Amino acid sequence: MAEMVSNKQVILKNYVSGFPKETDMYVTTSLIELKVPKGSNGVLLKNLYLSCDPYMRPRMTKDMEGSYIESFEPGLPISGNGVAKVLDSENPEFKKGDLVWGMTGWEEYSLITSPYLFKVPHADVPLSYYTGILGMPGMTAYAGFYEVCSPKQGECVFISAASGAVGQLVGQFAKLLGCYVVGSAGSKDKVDLLKNRLGFDEAFNYKEEPDLNAALIRCFPEGIDIYFENVGGKMLDAVLINMKVGGRIAVCGMISQYNLDEPEGVHNLTRLISKRVRMEGFLVSDYNHLYPKFLEMIIPYIKGGKIVYVEDTAEGLESAPAALVGLFSGRNLGKQVVAVASE
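Before going into details, it helps to say that this report is about the structure given with it. (Residues numbered from 1 in each chain as written. Predicted model: local features only at pLDDT ≥ 70, side-chain atom pairs only at ≥ 80, totals over all residues. Heavy atoms only, no water.)

Notes on the packing of aromatic side chains
When we look at a pair of aromatic rings, we describe it by the centre distance and by the angle of the planes.
In step 1: Per the counting criterion, the structure on display carries 16 aromatic pairs.
In step 2: With 5.2 Å between their ring centres and 70° between their planes, F145 and Y146 make a pair best called edge-to-face.
In step 3: Taking relative accessible area as the criterion, F145 reaches 0% and is therefore assigned buried.
In step 4: Between Y180 and F220, the aromatic rings sit 5.7 Å apart at their centres with planes inclined by 85°, giving edge-to-face as the arrangement. Of the two residues, Y180 sits in strand β9 (residues 180-185) while F220 sits in the loop between α4 (212-219) and β11 (224-229), which places them 40 residues apart along the sequence.
In step 5: Under the relative-accessibility criterion, Y180 is labelled partly exposed at 29%. (Phe/Tyr/Trp six-rings, centres within 6.5 Å; stacked < 30°, edge-to-face > 60°. Buried < 20%, exposed > 50% of the residue type's maximum accessible area, 1.4 Å probe, protein only. Helix = DSSP H or I, 4+ residues; strand = E, 2+ residues; numbered from the N terminus.)

Regarding helix α7 (residues 291-303)
In step 1: The terminal C-alpha atoms of α7 lie 18 Å apart, and with 13 residues this matches the ideal 18 Å at 1.5 Å per residue to within 8%.
In step 2: Considered for burial, the residues of α7 that qualify are Y291, F294, L295, M297, I298, I299 and I302.
In step 3: The secondary structure elements touched by the buried residues of α7 are β5 (99-105), α1 (136-148) and α2 (167-176).
In step 4: Just past α7, the residue G305 takes up positive phi, approximately 70°. (Expected span 1.5 Å × (residues − 1). Contact = heavy atoms within 4.5 Å.)

Structure, rendered in structure tokens:
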């Protein structure tokens, strides 16, 4: 008989409308057997770090029409990207002791029956980086900027939610390419971070700008070549007026819309015609085949100190609901991670 241990879990209480609250989730303890059923193709994970990401908010809503990912189920643990250690495996791809990153449960131990997991290729960098710069957000920044935006040296790049997990990397990639880079964020601390630590040329706090169009004209008197879209709503409307001819917009996310029962409309889409702007949505999963190429580029940058990655770490699974909810009020400074256990 395999060992049974207690397993702390974060459970979704009910489907959510409006802004999520900590009380929409609860922490409970169940029992789990530290053994994978024979012939199941599954892996048993001990979760080390969990990732809080904006895309998790729509998953708290029932039946998202046209979504690329299914909703969470009330009464069950929520799931997301994480870093874990394999404790037992019936899957030929993974063996006991492997460090992995990918989709896992918000719990201490997860039995994953159809793994969407990658082996950790470099263990000489902080493991938490695989929830961020070396994981899904890093690949999102890489694919969205280099593949979707086709950037050129000297172009003018604007990034919304620029201090977040993805935005902070897009800005640094653009600077390494010799672009002029501006970011928007929601607090003085975040604006300082962008300008002083992440090397952005300019940044502004959108909450202190009564006129977003005027703020963009101030930062981009000649217009914007590339907009990396994380926000949607009023920001997108203001950007559309300020795009240059032949500009590109990579639509990564729209965090301003996730908590609204009725999404806001966009009014300036005709500018796409007159300015011949290409606006393209993308999913990081379409670019997974580029992960080795991405690592080849990013690992030397990290080790050489050419790229900075800022994390905001909440300690313990009990802190996970507050950490996730905090994303939507902008409480985090940098990539929001939950540290569940040490290796």
